[in-house]
Amino acid sequence: MESLLVKESPLLLPLNKDKTVYDGFITVQERDFRIRILLPPDHQLKLAKDLSCCFVFSQRLHHSPDLVSFVLELKTVLEVALKCRPECRSIPPPQYYSQLIIEMEDLGWDKLVSIDTEFRTLRLRAEDSSGRQHVVTVKLKPKHPVEAPWCSADLPVPLALTWTPQSSLGHVHTQFLLLLESLAEFWAVLDEIDEKTWVLEPEKPSRADTMRRIAIANNVSIKVEVDTQHPKMLPECCLLGAEHVVTPLRNKLNANMHLWNPDCSILQNLRDVLEIEFPSPATHEKSSFSAECGICYAYRLESAIPDQVCNDPRCGQPFHQACLYEWLRGLPSSRQSFNIVFGECPYCSKPITVKMSTQKP
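Let me sum up the structure you'll find in this document.

Rules used throughout
- Residues take numbers from 1 onward in each chain, read along the sequence in its written order.
- Restriction of local features to residues with pLDDT of at least 70 applies here, the model being predicted, together with a cutoff of 80 or more for giving and counting side-chain atom pairs; totals for whole chains, interfaces and linings are based on all residues.
- Calculated side-chain values reflect all of the structure's heavy atoms, with hydrogen atoms and water omitted.
- In this scheme Phe, Tyr and Trp rings, the latter by its six-membered ring, pair at centre separations within 6.5 Å, and the angle between planes marks the pair as stacked below 30 degrees, edge-to-face above 60, and tilted otherwise.
- In this description a helix means any DSSP run of H or I spanning at least four residues, a strand means any run of E spanning at least two, and both kinds are numbered starting from the N terminus.
- Note on classification: 1.4 Å probe, protein chains only; a residue is buried when its accessible area is under 20% of the maximum for its type, exposed when over 50%, partly exposed between these limits.
- Charges are assigned to positions over rings by a cutoff of 6 Å between ring centre and Lys NZ or Arg CZ, combined with an angular limit of 35 degrees from the ring normal.
- Throughout, the protein atoms alone are placed on a 1 Å grid, and a set of points is a cavity if a 1.4 Å probe fits but cannot get out or a pocket if it is open with protein on both sides within 12 Å along at least five of seven lines; lining residues have an atom within 4 Å of a point.
- Grid points are joined across faces, edges and corners, and a volume is the space filled by probe spheres set on the points.
- Residues are sorted three ways: Asp, Glu, Lys and Arg are charged, Ala, Val, Leu, Ile, Met, Phe, Trp, Tyr, Cys and Pro are nonpolar, and all the rest, Gly among them, are polar.
- DSSP calls a pair of strands paired once it identifies at least 2 bridges connecting them.
- The axes used here are C-alpha line fits, helices contributing only the stretch in contact, and every angle between their N-to-C directions lies in the interval 0 to 180 degrees.
- A contact between two residues is defined here by any heavy atoms of the two lying within 4.5 Å.

A few words now on the packing of aromatic side chains. Within a pair of aromatic rings, the relevant descriptors are the distance that separates the centres and the angle that separates the planes. Overall, the coordinates contain 4 aromatic pairs when judged by the stated rule. An angle of 90 degrees between the planes, with centres 6.1 Å apart, marks the rings of Y97 and F119 as edge-to-face. Here the residue Y97 occupies a position in helix α4 (residues 94–107), and F119 occupies one in the loop between β5 (112–115) and β6 (121–127), the gap between them amounting to 22 residues. On the basis of relative accessible area, Y97 is assigned to the partly exposed category, the value being 28%. For the ring pair F186 and W187, a centre distance of 6.5 Å and an interplane angle of 55 degrees mean the geometry is tilted. Neither residue differs from the other here; F186 and W187 are each classed as buried. Aromatic rings pair up to connect Y96, Y97 and F119 into one cluster. One residue, R335, lies across the ring of F342, its end atom 4.5 Å from the ring centre.

Here it is in structure tokens:
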């Protein structure tokens, strides 16, 4: 039996002369799994007291005729598990850790934000030329550096990094910095909007967000989608609010579009083209633009804010799209044509319409 065990699992070794304690690894599909077995003096598997693995394997140990049979059966189970769950990970070899230490010393320990207890997932900091702080998450594979790591970051574009077996964490950091510099102008444009206007959406913009909904007046706003490659070009714009307020702004946008200057910032161009001054934190309180929905009496419904407004100038009550849709759908007097519901404003009874909601409140 001893020779068979050595042949099947040469890394699973007895720790004492009586061979009642086994500790080591079993290898399945080139992956090593740690296992520890404590046997009684008579080597009866059904009386085994300790097995440092899951309960299911412990039960299999108690019903196996001998240790070799158990190891073979355990290997079979692990092979099936690996096929079903390829993300299952094994303990890396010692050279993995020494390589990791060498790479971190070359990169600089000051770049390390955190590392998990398995030494697999690292978070590295980087600072762009404008002083913005960024973090890239690197998940190393067991065969690092032969296998390319999985990397992610808070970016508006895919993080596509090149990798070879000779690459290191330093290469990841260098490529990440180059990508950050390519987005510097894009972030500068959005930083100006965030600092000098009241941004209604997103509530807490991340570096990956390309859209801003900017307050113009009470219940009137403009949504802009900034191009990451050409951040100063005319963005995709959508004016939101009551038609009697939005229509003049839309006419100015169409008439003055030729005045757009790609050498100026988006914010300055929007001021010139729309012929307005945007409310800013220096001149207005944000509560001036945070009107509650007239149906649910809340400003935020999950991540949505009121974007439907009664077009009657004497009313102008805002609603969440989802709230207004559900309200009108429940009225017998409402009618629907394609994806638009026609009905009456819950406040002034004047005609109001809303597109079918894509998500329920």
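Of the pockets and cavities examined, the largest pocket occupies roughly 580 Å³. L240, E243, D307, Q308 and K355 are the residues nearest the centre of the largest pocket, which is lined by 18 residues in total. Of all elements in the fold, only β12 (236–240), α7 (243–255), β13 (308–309) and β17 (351–355) reach the threshold of two or more residues within the lining of the largest pocket. When residues in the lining of the largest pocket are grouped by element, the largest group, 4 residues, is from β17. Among the residues forming the lining of the largest pocket, the class breakdown is 8 nonpolar, 5 polar and 5 charged.

Below, the discussion takes up the sheet that holds β5. Spatial strand order, β5-β6-β7-β8: 4 strands in an open sheet with antiparallel pairing. Edge positions in the sheet fall to β5 and β8 (150–153), since each of these pairs with one other strand and no more. For this sheet, the mean angle separating the axes of adjacent strands, direction not counted, is 20 degrees. Relative to β8, strand β7 (residues 133–139) runs antiparallel, the two being bridged by 4 bridges.

What holds strands together in a sheet is hydrogen bonding between their backbones, with the strands either parallel or antiparallel. With antiparallel pairing, the 4 strands of this open sheet are ordered in space as β9-β10-β11-β12. Each edge of the sheet is formed by a strand with only one pairing partner; in this case those strands are β9 (199–201) and β12. Along the sheet, successive strands turn relative to each other by an average axial angle of 30 degrees, direction set aside. The pairing of strand β11 (residues 220–225) with β12 spans 5 bridges and is classified as antiparallel. For E225, the partnering residue across the bridge sits in β12 and is E236. With respect to the sheet, helix α6 (residues 184–196) is in contact with β9 and β10 (211–217), its orientation differing from that of β10 by roughly 35 degrees. With respect to the sheet, α7 is in contact with β10, β11 and β12, its orientation differing from that of β12 by roughly 155 degrees.

Okay, unusual backbone geometry next. Look at the link from H144 to P145: it is a cis peptide, with omega at 5 degrees. For P145, the position within the fold is in the loop between β7 and β8. A cis amide bond links E201 with the next residue in sequence, P202, at an omega value of -10 degrees. Here P202 is to be found in the loop between β9 and β10. Its identity as a non-glycine residue notwithstanding, K19 has a phi of 60 degrees, on the positive side. Structurally, K19 can be placed in the loop between β1 (12–14) and β2 (21–28). Residue classification places K19 among the partly exposed residues on the basis of a relative accessible area of 30%. Phi at E275 is positive, roughly 60 degrees, even though this residue is not glycine. Within the secondary structure, E275 is located in the loop between α8 (266–274) and β13.

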